Amino acid sequence: MKKVVTRFAPSPTGHLHIGGLRTALFNYLHAKAHGGEFRLRIEDTDQARNSEAATKAILQAFNWVGLQYDKEVIYQSRRLELYQEYIQKLINEGKAYYCYMSKEELDALRQEQERNKQTPRYDNRYRDFTGTPPSDVQPVVRIKAPLSGVITFEDGVKGFMQFQASEVDDFIIARSDGTPTYNFVVAIDDALMGITDVIRGDDHLSNTPKQIVVYQALGFEIPKFYHVPMILGSDGAKLSKRHGAMSVMEYKELGYLPEALLNFLVRLGWSYQNDEIFSLKDMLEKFDAKDLNTSPSCFNQEKFLWLNQHYLKETPTQKLESLLNILPPLQNAQKEVLFQELKNRSQTLIEFQNQCTEIFTNPQNYEEKMLKKYTPEIKDLLEKFITFLQEREFSSLIQIQESLHEFCETMQIKAGTLMPNLRLALFGKPGGIGIAEGIFILGKQTSLQRIQQLTTKTH
Ligand code: GLU
């Protein structure tokens, strides 16, 4: 069987957005699941809209999520001569021709067609032109599209697709300045790069018959197409900036892990049984393009957060440490307890980092409601606890848990009397990590100092 070769072909007009990354991922998985190649092609022929920074941003996003492409990156901007050769070849073979219609003439044609309630299309005026062309018009080059019949292909997602020849006019393949157009170069590159399978958003569906015209004119083999439905926002409208972050790297800034993003994206348009969790390795084992969904999926923020927390929990301590900005020096055992506690309480790295910072910040003020319950008797109790703690050494979490228990028993109080007040002293507010865990992570000295800070505070 022929080796599967897929590609991702972004236009570098901005950051890589998540819809684009999903397309890239599907192509990557499809190629790798078949032991094939996944290529990257930068479609940067539009000088006005493309930027080098955007290309860099795309490569950076690929790097962050760990998608690896094969061979060198292809830049369309470096292949203009090649495209010229093919344009010339088609002209020489009578499969493409110069069209000298001026902008005014084109506008007039369109207006007339609109008046007659016809779909605007080029009227083949110069298709078989043999006369003397006007000297003041720089011509465009148009390709000869079939005049009758149908253009068909079997889409891997949408099934049998059929377009009437009348829907595809003799479209422009080279502008009057000589630059080739999008549908032309896509087809040339896909053919020359040996692309066998094209997975892309179904917003490209209407381009496909045009690209087929190019393939056929040049005698190239037509790849297999898979047009996947767009991602929708939670309100059912096409996903856009107003639904929140769009760029891949923005999600990094928001504290998402690349594993979670890939897992989230793969499920937006592909399913395997009822499974939700897929590492890249799982995806490679299970991905089959025949399971690409035919109906659009909705972006579900809660699910994304849930997945992110799942991967946060899976991240080993050392790796997690490398992802955090600030972490005070801690013993390994303390770090383990801290990470365990925070993994259970954070959905993003940002939440994780913020809670971490909070824990190590001396409380500046105390929550009003909790403070109201902090009576002189409780103050007394905490002072006793200070003495109790001072006399003890501990090197494990269990020892602290046991000590807390022992203290409550000796004082004949319920844990519910001591704990909220220790929480007030240590963190100044309700919620958060366990008390024994807190004492263990902060260490004896800091814990004592925080409790003293509260007991010596004047009301
Ligand atoms: N460059 C096109 C885009 O960014 C994709 C072309 C294709 O996948 O065929 O939308």
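Residues numbered from 1 in each chain as written. Predicted model: local features only at pLDDT ≥ 70, side-chain atom pairs only at ≥ 80, totals over all residues. Heavy atoms only, no water.

## Here we look at the packing of helix α12 (residues 332-343) against helix α18 (residues 435-455)
At their nearest, the axes of α12 and α18 sit 9 Å apart, and the two run at 140 degrees to each other. Our classification of the angle between α12 and α18 gives oblique. α12 and α18 meet at a crossing whose hand is left-handed. Here α12 contributes Ala333, Gln334, Val337, Leu338 and Glu341 to the contact with α18, which in turn contributes Glu437, Phe440, Ile441 and Gly443. Grouping the constituent residues of the contact of α12 with α18 by class yields five nonpolar, two polar and two charged. (Axes fitted to C-alpha atoms, helices over the stretch in contact; angles between N-to-C directions. Helix = DSSP H or I, 4+ residues; strand = E, 2+ residues; numbered from the N terminus. Parallel < 35°, antiparallel > 145°, perpendicular 65-115°, else oblique. Left-handed = near helix turned anticlockwise from the far one by under 90°. Contact = heavy atoms within 4.5 Å. Nonpolar A, V, L, I, M, F, W, Y, C, P; charged D, E, K, R; others polar.)

## Looking at the nonpolar core
The tendency in soluble globular proteins is for nonpolar side chains to be buried side by side. Within the largest apolar cluster, 97 residues are counted, with the highest numbers of intra-cluster contacts made by Val248, Leu292 and Phe385. By residue number, the principal contributor to this core is α18, which donates nine residues. Contact partners of Leu292, with chain neighbours within four places excluded, come to Phe26, Val157, Ile199, Tyr226, Val228, Gly269, Trp270 and Phe287. Counting 34 residues, the second-largest nonpolar core is a separate cluster that includes Phe171, Phe184, Val185 and Val214. (Core = buried A, V, L, I, M, F, W, Y, C linked by side-chain atoms within 4.5 Å. Buried < 20%, exposed > 50% of the residue type's maximum accessible area, 1.4 Å probe, protein only.)

## Topic: the site of the ligand
Surrounding the ligand, one finds Arg7, Ala9, Pro10, Ser11, Glu43, Tyr182, Val186, Arg200 and His204. Within the side chain of Glu43, a nitrogen or oxygen atom sits 2.6 Å from a nitrogen atom of the ligand. Contact with the protein chains covers 80% of the free accessible surface of the ligand, which is 300 Å². (Near = heavy atom within 4 Å. Polar contact = N/O pair within 3.5 Å; in protein donor to acceptor, adjacent residues only side chain to side chain. Areas by Shrake-Rupley, 256 points an atom, 1.4 Å probe, with all protein chains shown as cover.)

## Some details on helix α1 (residues 18-33)
An α-helical turn contains 3.6 residues, so a residue and the one three or four places further along point in the same direction. Between its first and last C-alpha, α1 extends 22 Å over 16 residues, near the 22 Å set by a 1.5 Å rise per residue. For α1, a buried count of 13 out of 16 residues is recorded, marking the element as mostly surrounded by other parts of the structure. At the C-terminal side of α1, Gly35 shows a positive phi close to 65 degrees. (Expected span 1.5 Å × (residues − 1).)

## Brief notes about the side chain of Ser247
Mapping Ser247 onto the fold places it in the loop between β11 (231-232) and α7 (248-253). Each residue touching Ser247, except ones within four places of it in the same chain, is listed here: His15, Leu16 and His17.

## A closer look at the sheet that holds strand β5 (residues 140-143)
In spatial order, the strands read β4-β5-β8; together these three strands make up an open sheet with antiparallel pairing. Strands at the two margins of the open sheet, each flanked by one partner only, are β4 (96-99) and β8 (172-174). Strand after strand, the sheet turns through a mean of 45 degrees between neighbouring axes, direction not considered. Relative to β8, β5 runs antiparallel, the two being bridged by two bridges. From the neighbouring strand, Arg142 faces β8, where its bridge partner is Ile172. (Pairing = 2+ DSSP bridges.)

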